[in-house]
Amino acid sequence: MRKKWISVLLSAVMCVSVLTGCGQNGAGGQTAPSDAPETMQEQQPADAQADGQDAEKTASGEKITLQFWNVFTGSDGDILREIVDNYNKTNTDNIEIQMDIMPNDQLQQKLPAAIATGTAPDFVLFGVENIAPYVSNDSLEDISDFWDVTGVDKSNILENVLELSHVDGKLYGAPMQYNVSYLYWNKDLFAEAGLDPEKAPATMDELAEYAVKLTDPEKNQYGLALPTSVTYMQFLWANGGDADDPSTNTNLLDSEENVKTLEWLQDLMVNKKVSPASITGPEADTMLQAGQIGMYMSGPWQINGLRAQGINFGIAPCVAGSAGAFSPAGGCSYVIPKGTEESHKLAAYKFMQYWLTDDILKEWSQRNGFPVWSKTLMEDPEIQNDEVLSAISKATEIGRSYNLGYSLASQIDNDVMIPLFEKVMTGAAVPEDALKEASEAMDRVLAQ
Amino acid sequence: MTESKVKKRRYAAQNQKSAYLFILPSMTILSVFVFIPLIASFVISLTDMNIFMKDVSFVGVTNFTRLFSDSRVSNATINSLYFTLLEVPLQVGLALFLTVCLAKNSRYCKMLRSIYYLPFVCSMTAIGIVWSMLLDPNMGLVAYWLKQAGFQTVSFLKDPDLAMPTVIVVTAWKGFGYTLTLLAAAVLNIPQSLYEAAQMDGAGSFQKFLHITIPGIWPTISFCIVTTTIGAMQMFDQAYVMTQGGPLNRTETVVQYIYDRGFQTAPYDLGYASAISVYLFVIVAVMTFVLRRFVLKGGEDADA
């Protein structure tokens, strides 16, 4: 009898412990990532506190804790953390920001599920290309009242930068940084190859010519790094071609100009072998920092790494073709997920307002090498005398938006453009066939 | 008479009750993490649903008709089959060969078996990263050795034709130690007297292997083949870490494509991703069924 009791008791204990274990998981939602329940637990007390004392909050200065997710995993993330820490210490509104940095992949998996289950952070910082898909799923707060509430002068910000945070005329994000692709070149390698180290190539022909001269397989040295996992809109645009027109949903791939550009690109990769075959972006970054790459097109985030490795480099605008020079623009914005409560939204506005002051923008630009887009800051003598920043500002003038604000953008990239460039650059198909195939794929995507 | 029968039945019923109680914990875990998601994915595959879970609508078999005209699904299926057909024989064959060499309980054999087992306990992600660094054509150690030896640099993971074989070899390298351990345990259980009798009949070592060792461990071999095949059809992490499905989607497996549709490419089409996982589920179920019949039957033949 006693034995039986013990066994029943033990089984009961086991069942209960298993059930509670599962209960916790269930609360987070099946699709919620593993640490979502944790975040929720952290958040709930804070929310409850804020709920209870909402009314007297401003009077008594109750503390507001904001959850903040972003994708700044590089060295710029350390600088961002410093700025946020400093804000936590100095702000007079008793706001504390708790910051979580995660890779973009991970954020894109967690955030939609978190918004759907009401466990999203109070504000998020991510690439502007994400804004449109989130808005089309009604997952971001409309913050068009931002200028009125905070009194930030909208006219002081460059129009093309502001444009990136708008969808259908409504504001969904506060601009944080803006960038285009630049052409980096290694001055020491230029000098060794007998080229003028102070003169970057200006045209596609010059780019190809220099790239061949700079390539030396014996030394494992390449003239121009061209990773295969990205798109090269700058080349298509330079010759007057394009991929699609987001405003009319038209497919623009199948054109003479594109064939010409892709033939040039294939010749460069397959016959002249100026780039290591099939490398990824991060691998190209590493080789550039190791001084194995003569020229490379990338964003401002290379600057700190190159400085740290002591590479003697220059920055120039992307090269021009028969139709001019262009460079794909991008940037990051602060956004507020749907369902963030009003008091937290206003607190997030305060931080965004803090970011948009010239002091912070100046610190960010100078320490990271990002272009300046505040009109008053552009007049600042210190900014005007900064060699890197003035080179960048010049290279930023040719920025052009590529499918930004278009909800099909990521599908066009992943299903059409990246495979197209990969096929052309590895020589798996002749440009004409690859383009025809890509054009059909584009039709399928646009038909959705 | 009847009383004792009733007693017996009651006793059995009680026994069963506690048996159910013992199953309950693992049943609960299995239901929450296996059965419920399985049924959920069947249901989701019939809907138009994205990761934001707004405006979910029932669309019938649309996702499945779309699946059969999607060239990336057929490409991924071929890649998965290619991987399975090469990886499973390589891993099981290598393990079987080494089993014959190492099926002694000497200190040397035990040590070697433990060493071969080591990669199996490491995470596939860590192993993938280490191997992609070693094999990198620009800064990898293998490329450096090849260069020193006077060969041309080969970019194992970047070459469309070499990428999948490389992933296969790395996977087999990681997994064969586990298969080896299972097979060695089975071989050590074969009664020594059988070998002695065979020797008296004048059998050579190859004949002993073919007629005693193989039939003796056939159940274990078939277990290894079936589990390795199921694992291989669901291959994801090694290709995700080492090649990201490239070059030219030549290493993109079915699971990777499911992940890509559901979580990587907007509009994060969970309905379509679930349809592909149902499709994979059917393939794996059929393969397992056929394989079990085939290898079990093979075992009977070998016994006879």
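These numbers were taken from a predicted model, which means no experiment stands behind them.

Caption draft 1: Region of the structure containing the overall build of chain A. The secondary structure content of chain A amounts to 21 helices and 14 strands. In chain A, buried positions account for 54% of the 448 residues. Taking all contacts inside chain A whose residues are at least 6 apart in sequence as the whole, residues at least 24 apart take part in 75%. If you sum the accessible surface of chain A, you get close to 19,500 Å²; carbon and sulfur atoms cover 50% of it.

Caption draft 2: Representation of the pairing of strand β6 (residues 173–180) of chain A. All names here are of chain A. The element β6 is largely enclosed, with a buried count of eight among its eight residues. Examined bridge by bridge, β6 and strand β13 (residues 327–335) share seven bridges and lie antiparallel to one another. Its bridge partner being in β13, Val180 is matched across the sheet by Ala329.

Caption draft 3: Region of interest: the sheet that holds strand β12 (residues 313–316) of chain A. All names here are of chain A. Reading across the sheet, the four strands line up as β8-β11-β7-β12 and stay open at both edges, with mixed pairing between neighbours. Single-partner strands in this sheet number two, and they are β8 (222–225) and β12. Pairs of neighbouring strands in the sheet enclose a mean axial angle of 15°, with direction left out of account. Relative to β12, strand β7 (residues 182–186) is paired through four bridges, and the arrangement is antiparallel. Counted as the bridge partner of Trp185 is Gly314 from β12.

Caption draft 4: Focus on the nonpolar core. All names here are of chain A. Judged by nonpolar contacts, the single largest core of 90 residues is most densely connected at Leu80, Tyr334 and Trp355. A per-element tally of this core places helix α15 (residues 342–355) first, with seven residues. Tyr334 has contacts with Phe68, Leu80, Phe123, Val124, Leu125, Tyr172, Gly173, Ala174, Met176, Phe351, Met352 and Trp355, leaving out every residue within four places of it along the chain. Trp185, Tyr232, Cys318 and Ala434 belong to the second-largest nonpolar core, a separate cluster that totals 54 residues.

Caption draft 5: Molecular detail of the pattern of salt bridges. Applying the stated rule across the entire model yields 21 salt bridges over all chains. With a closest N to O distance of 3.1 Å, Arg367 of chain A and Glu82 of chain A form a salt bridge. Of this pair, Arg367 of chain A sits in helix α16 (residues 358–368) while Glu82 of chain A sits in helix α4 (residues 75–90), and the two are 285 residues apart along the sequence. By relative accessible area, Glu82 of chain A is classed as partly exposed at 42%. Among the ionic pairs, Glu252 of chain B bridges to Arg72 of chain B, the shortest N-O distance being 2.8 Å. Here the residue Glu252 of chain B occupies a position in the loop between α10 (237–242) and α11 (254–264), and Arg72 of chain B occupies one in helix α3 (residues 71–102), the gap between them amounting to 180 residues.

Caption draft 6: Expanded view of the pairing of strand β3 (residues 123–127) of chain A. All names here are of chain A. Of all the five residues making up β3, five are buried; the element is thus mostly covered by neighbouring parts of the structure. Where strand β1 (residues 64–70) and β3 come together, three bridges link them in parallel fashion. By the bridge assignment, Asn70 is partnered in β3 with Leu125. When β3 meets β13, the two strands line up antiparallel, connected through four bridges. The residue bridging Leu125 from the neighbouring strand is Tyr334, located in β13.

Caption draft 7: Layout of the packing of α3 of chain B against helix α9 (residues 205–233) of chain B. All names here are of chain B. Two elements in contact, α3 and α9, have axes whose closest approach is 10 Å; the angle formed by their N-to-C orientations is 145°. Crossing hand, α3 versus α9: right-handed. Residues Ser80, Leu81, Phe83, Thr84, Glu87, Val88, Gln91, Val92, Leu96 and Val100 of α3 lie in contact with α9, whose contacting residues are Phe209, Ile214, Ile217, Ile221, Ile225, Thr228, Thr229, Ala232 and Met233. Considered class by class, the residues forming the contact of α3 with α9 number 13 nonpolar, five polar and one charged.

Caption draft 8: Structural detail: the packing of α4 of chain A against α15 of chain A. Residues and elements named next belong to chain A. Closest axis-to-axis distance for the α4/α15 pair is 12 Å, and the angle between their directions is 120°. Between α4 and α15, the angle falls in the class oblique. Once α4 is placed against α15, the crossing between them reads as right-handed. Contacts between α4 and α15 pair Leu80, Ile83, Val84, Asn86 and Tyr87 from the former with Lys350, Phe351, Tyr354 and Trp355 from the latter. Looking at the contact of α4 with α15 residue by residue, the classes come out as seven nonpolar, one polar and one charged.

Caption draft 9: A look at α16 of chain A. Turning to α16 of chain A, its buried residues number three or more, namely Ile360, Leu361, Lys362, Trp364, Ser365 and Asn368 of chain A. After α16 of chain A finishes, the residue Gly369 of chain A shows a positive phi value of roughly 75°.

Caption draft 10: Quick peek at the packing of aromatic side chains. Considering all chains together, one arrives at 38 aromatic pairs over all chains under this definition. Seen from their ring centres, Trp185 of chain A and Phe190 of chain A are 6.2 Å apart, and the 50° between their planes marks the pair as tilted. Judged on exposure class, the residue Trp185 of chain A and its partner Phe190 of chain A are both buried. Judged by centre distance (4.5 Å) and plane angle (10°), the rings of Phe120 of chain B and Tyr178 of chain B are stacked. Residue Phe120 of chain B is located in helix α4 (residues 107–121), and its partner Tyr178 of chain B is located in helix α7 (residues 163–188); the two are separated by 58 residues in the primary sequence. One aromatic cluster is present, formed by Phe68, Phe72, Tyr87, Phe123, Tyr334, Phe351, Tyr354, Trp355, Trp364 and Phe370 of chain A through successive ring pairs. Across from the ring centre of Trp69 of chain A, 5.1 Å away, lies the NZ or CZ of Lys110 of chain A, which sits over that ring. Residue placement shows Arg400 of chain A over the ring face of Phe326 of chain A; its charged tip is 4.7 Å from the ring centre.

Caption draft 11: Region of interest: the interface of chain B and chain A. Contacts between chain B and chain A engage 31 residues on the former and 40 residues on the latter. Together, the buried faces of chain B and chain A total about 3,100 Å²; carbon and sulfur atoms form 57% of this surface. Of all residues in chain B, Phe52, Asn138 and Leu248 of chain B bury the most surface against chain A, accounting for 22% of the area lost on that side. Here chain B is connected to chain A by three salt bridges. Taking the shortest distance from any N to any O, the salt bridge between Asp415 of chain A and Arg261 of chain B comes out at 2.7 Å.

Calculation criteria
Each residue is numbered by its place in its chain's sequence as written, counting from 1. Lettering for chains starts from A, numbering for ligands starts from 1, and both go in the order in which the items are written. pLDDT decides what is reported in this predicted model: residues at 70 or higher carry local features, side-chain atom pairs at 80 or more are listed and counted, and totals for whole chains, interfaces and linings draw on all residues regardless. As a rule here, side-chain values come from all non-hydrogen atoms in the structure, and water together with hydrogens is ignored. Runs of E in the DSSP output that reach at least two residues are strands. Runs of H or I that reach at least four are helices, and both are numbered from the N terminus. Working definition: with a 1.4 Å probe on protein chains only, accessible area under 20% of the residue-type maximum means buried, over 50% means exposed, and in between means partly exposed. Throughout, a contact is declared for two residues whenever any of their heavy atoms are within 4.5 Å. The protein chains shown are the only cover counted for residues, whose accessible areas, like all others here, come from Shrake-Rupley with a 1.4 Å probe. By definition, two strands form a pair when at least two bridges between them are found by DSSP. Here, axes are lines fitted to C-alpha atoms. For helices the fit covers the stretch in contact, and angles between N-to-C directions go from 0 to 180 degrees. Only buried residues count toward a nonpolar core, which is a set of Ala, Val, Leu, Ile, Met, Phe, Trp, Tyr and Cys residues joined through side-chain atoms within 4.5 Å. Salt bridges, as used here, are contacts in which a Lys or Arg side-chain nitrogen is within 4 Å of a carboxyl oxygen on Asp or Glu. It is the rotation of the near helix from the far one that decides the hand of a crossing: anticlockwise by less than a right angle makes it left-handed, clockwise makes it right-handed. For this scheme, ten residues count as nonpolar: Ala, Val, Leu, Ile, Met, Phe, Trp, Tyr, Cys and Pro. Four count as charged, namely Asp, Glu, Lys and Arg, and the remainder, Gly too, count as polar. Throughout, the term roughly parallel applies to angles under 35 degrees, roughly antiparallel to angles over 145, roughly perpendicular to angles from 65 to 115, and oblique to all others. Think of it this way: a Phe, Tyr or Trp ring, Trp meaning its six-membered ring, pairs with another when their centres are within 6.5 Å, and the plane angle makes it stacked under 30 degrees, edge-to-face over 60, tilted otherwise. Geometrically, a lysine NZ or arginine CZ counts as sitting over a ring once it is within 6 Å of the ring centre and also within 35 degrees of the ring normal. What gets called buried area is simply the loss in accessible area from a 1.4 Å probe that two parts show on being joined, summed for both.

Don't take any of this as a statement about function, it's just geometry.
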